[in-house]
Amino acid sequence: MNQRTVVAVCGKGGVGKTTVAALLARLLREDGRRRVLVVDADPAVGLGMALRIFPPRTVNDVRKEIISTVREHAADQVDLAASVDYKMMEILEEEGNLAFLSVGRPEEEGCYCQLNMLLREAIEFLSSHFDLTLIDAEAGVEQVNRRVMRSVSHLLLVSDVTAKGIKVAESIREVAEEAVDYRKLGLIVNRVRDPEEARAVCESTVLPLLGFLPEDETVREFDAGAENFLEIPSSPALEAARECLLASGFLSS
Amino acid sequence: MGLFEEPLKDIRRYLEEKRSLGKAREFSYTPVLPRASSPQVILSEDTGLELGSPGTSSRSLLLWDDSGAVADGRITLVGPDFPEIGGGRAPLAQVVMVGGRFSDEYDCYRDLRDATYNLGLLGFMTRVLPGRQSVWCRISREAMARGFNAQVLGSALIQAVKSLDFVDAAEVLLVTSSPEDIEELSGAADLVQEIVEALIKMYEEMNFDCDTCEYVEVCDSVVELRRIRERLQAERGGGEVDPG
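All figures in this text were calculated on a predicted structure; none of them were measured in a lab. (Residues numbered from 1 in each chain as written. Chains lettered and ligands numbered in written order. Predicted model: local features only at pLDDT ≥ 70, side-chain atom pairs only at ≥ 80, totals over all residues. Heavy atoms only, no water.)

Student: Can you walk me through the packing of helix 1 (residues 17–31) of chain A against helix 10 (residues 236–248) of chain A in this structure?
Tutor: The packing of two helices is summarised by the inter-axis angle and the distance between the axes. All names here are of chain A. At a minimum axis separation of 9 Å, helix 1 and helix 10 run at an interaxial angle of 75°. The pairing of helix 1 with helix 10 is recorded here as roughly perpendicular in orientation. Contacts from Leu23, Leu24, Arg26, Leu27, Leu28 and Glu30 in helix 1 reach Ala237, Leu238, Ala241, Arg242 and Leu245 in helix 10. Grouping the constituent residues of the contact of helix 1 with helix 10 by class yields 8 nonpolar, no polar and 3 charged. (Axes fitted to C-alpha atoms, helices over the stretch in contact; angles between N-to-C directions. Helix = DSSP H or I, 4+ residues; strand = E, 2+ residues; numbered from the N terminus. Parallel < 35°, antiparallel > 145°, perpendicular 65-115°, else oblique. Contact = heavy atoms within 4.5 Å. Nonpolar A, V, L, I, M, F, W, Y, C, P; charged D, E, K, R; others polar.)

Following this line, the structure appears as structure tokens:
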């Protein structure tokens, strides 16, 4: 790919952003034609739970290890960068064509600006070797913009049908206009019960719509039972997510 | 006297022993055309062979010699060649010995290290952990099918370091046989690590206070490090030269 494709799934907390990211990961796993880096950038580590991928170490652990190494040994910037590169590769959990990276819990107190820059660049370096990077972001774009990914190319805004969810999605777009050099942005509306709800959302927002995901009993069961979304069978929400991927151009039919 | 004289002696002894036991075989350098522009990521499902991966034994050493003792173009393999391993995983030690003129030791070390980090071989992923002297390689199924072997890796390493203008000769030792065979290199490896760390500290921190430096014993035992320290002190207008 000539242009890096970094997809950040953003939205208000509780709208099903992680579920949408998990469904997209499931579809990209099934598609199998491209190598996908999946980044769980939410400190709640929900995406790892949804995909049943539990990396023993996270980016934050690597950060701490590097700090410790620097304190114990002499190392120059090149050695440091090589170490970060090695450790980032080491913490990737692989599932076929998917490689999974967990950013981990929030950082501790203290200033490690140089190191954070190294880590951010290491993630960017990794993403450049994948056809697509899918990030399940923390609510808002702050994390995607500053701490995890500098350049998100595609913003997938997720909302439920509530006015509050839509409003937050619109706010994220406003912030992104200034802060993220994205190429494409679209809204996915989750847990839609009927055409009336969909119509009401259409009338309430100017955000470009990628699609609607219906309320889905299979998704509810997988969520409730903490089952592996990579194995979720065909269901209305999954097929609607597939349509969204097709609409956004990430998946060809 | 060279910076890596002692560990090089250890490696020469190791090589002689393996040869005498019939455990070493040699290949000669053949030019390799790098075809990848940057380090690659090879996922497990595309991997034909994994060498020195986390959890297996791994060592990566880089040493130089200015006495003309490096056998230019020689690649020595202790253990099975890559196609003979038959997929899966194997331990790996990678020792690159370089002959040439090393007027600025730190710059030379950095240039050599950069050259070996970035081989640019298509279907070959390498990751290094300098502080632990670890090298982790994945060779893609496609590259294995194309005949990627120890001679290709050894040749790529030789080619990479010989692209530097201060390098006259390069020799590579690869060990794939067992963690025990790799462990036999640990004495040399530890010494190389200490020397390199002392060198980095000397140049980057410009620290010449031997009373507080944790590498003082290394400097005391490696004549070349003392010489470098004295030269840097003189160049930078440091205090009294410690006669060592």
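Back to the write-up after that little detour.
Student: I would appreciate a short explanation of the sheet that holds strand 8 (residues 134–140) of chain B in the present structure.
Tutor: Sheet strands pair via backbone hydrogen bonds, and the direction of the pair is either parallel or antiparallel. Residues and elements named next belong to chain B. Read from one edge of the open sheet, 4 strands run 5-2-8-7, paired in mixed fashion. Every other strand in the sheet has two partners, leaving strand 5 (89–90) and strand 7 (124–129) as the edge strands with one partner each. Relative to strand 8, strand 2 (residues 47–51) runs antiparallel, the two being bridged by 4 bridges. Within strand 8, the position partnered with leucine 49 by the bridge is isoleucine 139. (Pairing = 2+ DSSP bridges.)

Student: What should I look at first to understand the confidence of the model for chain A in this one?
Tutor: For residues with low pLDDT, the predicted coordinates do not support detailed interpretation. Taken over all residues, the pLDDT of chain A has a mean of 85, while the share at 70 or more is 87%. By mean pLDDT, the top-scoring element of chain A is helix 1 of chain A (96), and the lowest-scoring one is helix 6 (residues 142–148) of chain A (58). (pLDDT = per-residue confidence, 0-100.)

Student: Would you mind going over the sheet that holds strand 6 (residues 92–100) of chain B with me for this structure?
Tutor: Residues and elements named next belong to chain B. The 5 strands lie next to each other as 1-4-9-6-3, forming an open sheet whose pairing is mixed. Both edges of this open sheet fall to strand 1 (24–28) and strand 3 (58–65), since each of them pairs with a single strand only. Going across the sheet, the axis of each strand differs from the next one's by a mean of 15°, ignoring polarity. For strand 3 and strand 6, the ladder comprises 8 bridges, and the chain directions are parallel. The residue of strand 6 that forms the bridge with aspartate 65 is glycine 99. Helix 3 (residues 105–117) rests against strand 3, strand 6 and strand 9 (167–175) of the sheet, and its axis sits at about 135° to strand 3.

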